[in-house]
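Notes for the structure review
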Amino acid sequence: MRPFAQLQTTLDLWPKGPGQPLVPQHPDNELTTMLAEINVTQIKATIAKLVSFGTRHTLSNQTDPQRGIGAARDWVAAELRKYAEASNGRMTVDVPSYVQVPASRIPTDTVISNIVATLKGAEEPNRAYVISGHYDSRVTDVMNFLADSPGADDDGSGVAISMELARIFAKHVPKATIMFAVVAGEEQGLYGSNFMATTLKANGVDVQGMLDNDIVGSPKGDVGSPPSPFDIRMFVQGLPTSETAAQISSRGTSGAENDSPARQLGRFVSEVAQNAVTQMNVRAIWRPERFLRGGDHLSFLQVGYPAVRFTEPEENFAHQHQDTRLVDGVQFGDLEEFVDYDFISRVAKVNGAALWSLAQAPGTPKHVTLDTSALTNNSTLKWTQDPAADGGYEIVWRASEEVGWSHVVPVGNVGSATLRLSKDNVDFGVRAVGKNGFKSPAGYPFGS
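Residues numbered from 1 in each chain as written. Predicted model: local features only at pLDDT ≥ 70, side-chain atom pairs only at ≥ 80, totals over all residues. Heavy atoms only, no water.

1. With respect to the overall build of the protein chain
Within the protein chain, the regular secondary structure consists of 11 helices and 20 strands. Relative to its length of 448 residues, the protein chain is compact, with a C-alpha radius of gyration of 23 Å against a globular reference of 22 Å. Across its three principal directions, the C-alpha atoms of the protein chain cover 70 × 55 × 45 Å. Scored against the burial criterion, the 448 residues of the protein chain give a buried share of 56%. Long-range contacts, defined as pairs at least 24 residues apart, comprise 76% of the intrachain contacts of the protein chain with a sequence gap of at least 6. For the protein chain, the centre of its 39 positive side-chain charges and the centre of its 50 negative side-chain charges are spaced 5 Å apart. (Helix = DSSP H or I, 4+ residues; strand = E, 2+ residues; numbered from the N terminus. Rg over C-alpha atoms; globule rule 2.2 N^0.38 Å. Buried < 20%, exposed > 50% of the residue type's maximum accessible area, 1.4 Å probe, protein only. Contact = heavy atoms within 4.5 Å. Lys, Arg positive; Asp, Glu negative; His and termini not counted. Charge placed at Lys NZ, Arg CZ, Asp CG, Glu CD.)

2. Digging into the pairing of strand β3 (residues 97-100)
Side chains of β3 alternate between two faces, with Tyr98 and Gln100 buried and Ser97 and Val99 left unburied. Bridging between β3 and strand β4 (residues 110-113) involves four bridges; their strand directions are antiparallel. Of the residues in β4, the one forming a bridge with Tyr98 is Ile112. (Pairing = 2+ DSSP bridges.)

3. A look at the confidence of the model for the protein chain
Here the protein chain averages 96 in pLDDT, while 97% of its residues score no lower than 70. Below a pLDDT of 50 lies the segment residues 1-10, which in the model reaches two contacts outside its immediate sequence neighbourhood of four places, other chains included. (pLDDT = per-residue confidence, 0-100.)

4. Notes on the side chain of Ser60
Mapped onto the secondary structure, Ser60 falls in the loop between α3 (40-51) and α4 (69-84). What makes Ser60 buried here is its relative accessible area of 6%. A distance of 2.5 Å separates a polar atom in the side chain of Ser60 from the backbone oxygen of His57. Not counting the four nearest positions on each side in its chain, Ser60 is found in contact with Thr55, Gly68, Ile69 and Phe145. (Polar contact = N/O pair within 3.5 Å; in protein donor to acceptor, adjacent residues only side chain to side chain.)

5. Considering the sheet that holds strand β5 (residues 115-119)
A sheet is described by the order of its strands in space; here eight strands give the open sequence β2-β5-β7-β6-β8-β11-β9-β10, paired in mixed fashion. Among the strands making up the open sheet, the edge pair consists of β2 (91-94) and β10 (281-285). Taken over all neighbouring pairs, the strand axes of this sheet differ in orientation by 20° on average, direction set aside. By the bridge criterion, eight bridges tie strand β6 (residues 124-134) to strand β7 (residues 176-183) in an arrangement that is parallel. In the sheet register, Ser132 faces β7, and the bridge partner there is Ala181. Taken strand by strand, helix α7 (residues 191-202) contacts β5, β6, β7 and β8 (206-213), and its axis lies near 155° from that of β7. This element, helix α11 (residues 341-360), spans β6, β7, β8, β9 (231-236), β10 and β11 (307-311) of the sheet and lies at about 165° to β6. (Axes fitted to C-alpha atoms, helices over the stretch in contact; angles between N-to-C directions.)

6. Concerning the environment of Glu315
Its place among the elements puts Glu315 in the loop between β11 and β12 (325-327). For the pair Glu315 and Lys220, spaced 95 residues apart in sequence, the C-alpha to C-alpha distance is 6.9 Å. When residues no more than four places from it in sequence are discounted, the contact partners of Glu315 are Ile215, Gly221, Asp222, Arg233, Arg290, Arg293 and Gln320. Of the polar contacts made by the side chain of Glu315, one reaches the side chain of Arg233; its length is 2.8 Å.

7. Considering the packing of helix α5 (residues 156-169) against α11
Packing of α5 against α11 leaves a shortest axis separation of 10 Å and a crossing angle of 55°. Classified by the angle their axes make, α5 and α11 are oblique. Considering how the two elements wind past one another, α5 and α11 form a crossing that is right-handed. On α11, the residues touching Ser157, Ile161, Leu165 and Phe169 of α5 are Ile344, Val347, Ala348, Asn351, Gly352, Leu355 and Trp356. (Parallel < 35°, antiparallel > 145°, perpendicular 65-115°, else oblique. Left-handed = near helix turned anticlockwise from the far one by under 90°.)

8. Overview of the layout of surface pockets
Gaps left between atoms are located by rolling a probe of water-molecule size over the structure's atoms. One number sums up the size of the largest pocket: a volume of about 890 Å³. The wall of the largest pocket is formed by 33 residues, among which Arg251, Pro261, Gly304, Pro306 and Pro365 lie closest to the centre. Of all elements in the fold, only β8, α8 (245-254), α9 (261-272) and β14 (366-370) reach the threshold of two or more residues within the lining of the largest pocket. Element by element, the count of residues in the lining of the largest pocket is highest for α9, at four residues. For the lining of the largest pocket, the residue count by class is 15 nonpolar, 12 polar and six charged. (1 Å grid on protein atoms, 1.4 Å probe; cavity = no way out; pocket = protein on both sides within 12 Å on 5 of 7 lines; lining within 4 Å. Points joined across faces, edges and corners; volume = space filled by probe spheres on them. Nonpolar A, V, L, I, M, F, W, Y, C, P; charged D, E, K, R; others polar.)

9. Some remarks on helix α2 (residues 29-36)
If you check which residues of α2 are buried, you get Leu31, Met34 and Leu35. Buried positions in α2, seen along its axis, are confined to an arc of 95° and lie on one side of it. Looking at α2, the residues exposed on the side facing more than 90 degrees away from the buried face are Asn29 and Ala36. Those residues of α2 that are buried lie in contact with α5 and α11. Capping of α2 at its N-terminal end is provided by Asp28; its side-chain oxygen lies 3.3 Å from the backbone amide nitrogen of Glu30. (Arc of directions from axis to C-beta.)

Below you can see the structure in the form of structure tokens.
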């Protein structure tokens, strides 16, 4: 009998198929320069300013110029407008708002205001990517809008990343549109992100990816646990909440439970954002969210947009959703002293690498199908050709038990291709390639 190690090596080679091992996309010179501009001092100043408003509770004062969510809203909008000045008119800043009538955790009519800096795509303005953090904060009692609620980590850290990338990206020209969002109402029930997602959907905007940064400020968990300064968790949904029962049944029949649009976005982020430039490991968690928690990415998933959530590797719950207090020598509260600004800057690089790579590549291929009409050991895939895919297309594949794409087969600027590889043994995807070298997330083929 062969030793296990030799047997394992043999198993790893199955199934044999066409193409070459997939090599992760690496940041080009422009992107490397952009990521190098991420400024720790700027991030620290942004979080300090957000904390200075005392509370940013959704129900707090909206007209006081110094304290409350209204003052925070106005400052964020003013800062983003300063950044937009460097864009030669490509970046615009809006404060879309609506009145939320009484609902869960909203006792009276309340204005919910998001701040969105939109960097218009030069070639495909209706294809968009969103990055978001929420600027509202809370303490132990989610209805207490009077107490100080610093929100340095939750979610000053996420807001700082959206704003810092807006500052840097404003000086560059993406092919697709990028929206840098700072949303409200998250702690009360995802009100701001739901307003944004449903509005984009109603307006027919083709959002092909959303990155939510929520609680990304520290690599340290509970006291005594080792820090993980070079790891960031990414929560990635499997079965789409927006699909019908029939669609989910079809997904199950195809074995596509692990190939939702969100999973393809997650695979893409893992490919382009783990490298020497970001100095980070992206730890993909194959579930939509932590247990007993929620985040703004869920609003985008609900309307059918691919979305993922970034959260620090371990959480210290004494520093989230807590009144600021000292108990038996233990400091509670979401304070600046518990934030690691170098860590946030690296998380910003992960987001920046993913966002720019998405916006510079062609869009994810659409209407991808796999011919299942006949018994054959060949596999024929078809898709709708996109003029933006001026570098052609690649078929990616992996053994069904593998997490990420392992092999890539260039097929040229065509709308279909046949591989000598059985569709029964592997999972396929199709990705679009630009002449600039950027490659899209994969589109998954359903049987036809």
